[in-house]
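Coordinate inspection notes
Spelled out, the chains give:
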Amino acid sequence: QVQLVESGGGLVQPGGSLRLSCAASGFLFSGWSMSWVRQAPGKGLEWVSDINSGGGSTFYQSSVKGRFTISRDNAKNTLYLQMNSLKPEDTAVYYCAAGIARRPTTIREYDYWGQGTQVTVSS
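These lines cover the structure that appears in this document, whether it is placed above or below. Because the structure is a prediction, the values reported are computed rather than measured.

1. With respect to the side chain of arginine 38
Within the fold, arginine 38 resides in strand S4 (residues 34–39). Taking the relative accessible area as the measure of exposure, arginine 38 reaches 6% and is therefore buried. A polar side-chain atom of arginine 38 sits 2.6 Å from a polar atom in the side chain of glutamate 46. At 3.0 Å, the side chain of arginine 38 and the side chain of aspartate 90 are in polar contact.

2. Structural notes on the sheet that holds strand S8 (residues 78–83)
If you trace the four strands from one edge of the open sheet to the other, you get S1-S3-S8-S7, paired in antiparallel fashion. Each of the sheet's edge strands pairs with one partner strand only, and the pair in question is strand S1 (3–7) and strand S7 (68–73). Each strand of the sheet is rotated relative to its neighbour by a mean of 15°, with strand direction disregarded. With five bridges connecting them, S1 and strand S3 (residues 18–25) associate as antiparallel partners. Among the inter-strand pairings, glutamate 6 is bridged to a residue of S3, identified as cysteine 22.

3. Re the pairing of S4
Most of S4 is tucked away: five of the six residues are buried. Taken together, the six bridges between S4 and strand S5 (residues 45–51) define a ladder with antiparallel strand orientation. Looking at the pairing, arginine 38 lines up with glutamate 46 of S5. Counting the residues in the hairpin turn of S4 and S5 gives five residues, including glycine 42, whose phi is positive at 75°. Taken together, the six bridges between S4 and strand S9 (residues 92–98) define a ladder with antiparallel strand orientation. Within S9, the residue paired with glutamine 39 across the bridge is valine 93.

Conventions used here
- Residues numbered from 1 in each chain as written.
- Predicted model: local features only at pLDDT ≥ 70, side-chain atom pairs only at ≥ 80, totals over all residues.
- Heavy atoms only, no water.
- Helix = DSSP H or I, 4+ residues; strand = E, 2+ residues; numbered from the N terminus.
- Buried < 20%, exposed > 50% of the residue type's maximum accessible area, 1.4 Å probe, protein only.
- Polar contact = N/O pair within 3.5 Å; in protein donor to acceptor, adjacent residues only side chain to side chain.
- Pairing = 2+ DSSP bridges.
- Axes fitted to C-alpha atoms, helices over the stretch in contact; angles between N-to-C directions.

Below, the structure written as structure tokens:
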């Protein structure tokens, strides 16, 4: 059974940092490109970043470039998103997903996805 379980979300002040993790099981994690996507309250799904299967190639949405870093540990079947200099507009539910889609309209454009973790940036 495929599972993607996100963790690490929470409430943080503007300018703060969080590190999200996504534990994968039930599929060959090391063979898949992986993505982080987010959905803010009342808004559509937004691609944030993706990484290729080996971890050597990464891409970022322009609004997070330079602040967020995606990485993976294939030995631990885990995907990460280090988020620094957080802004209120980063508030959203963050999902990890298997596959790549840089203009998603629904989460189903990815092959597998988790339940999400809430990130709230507020003073």
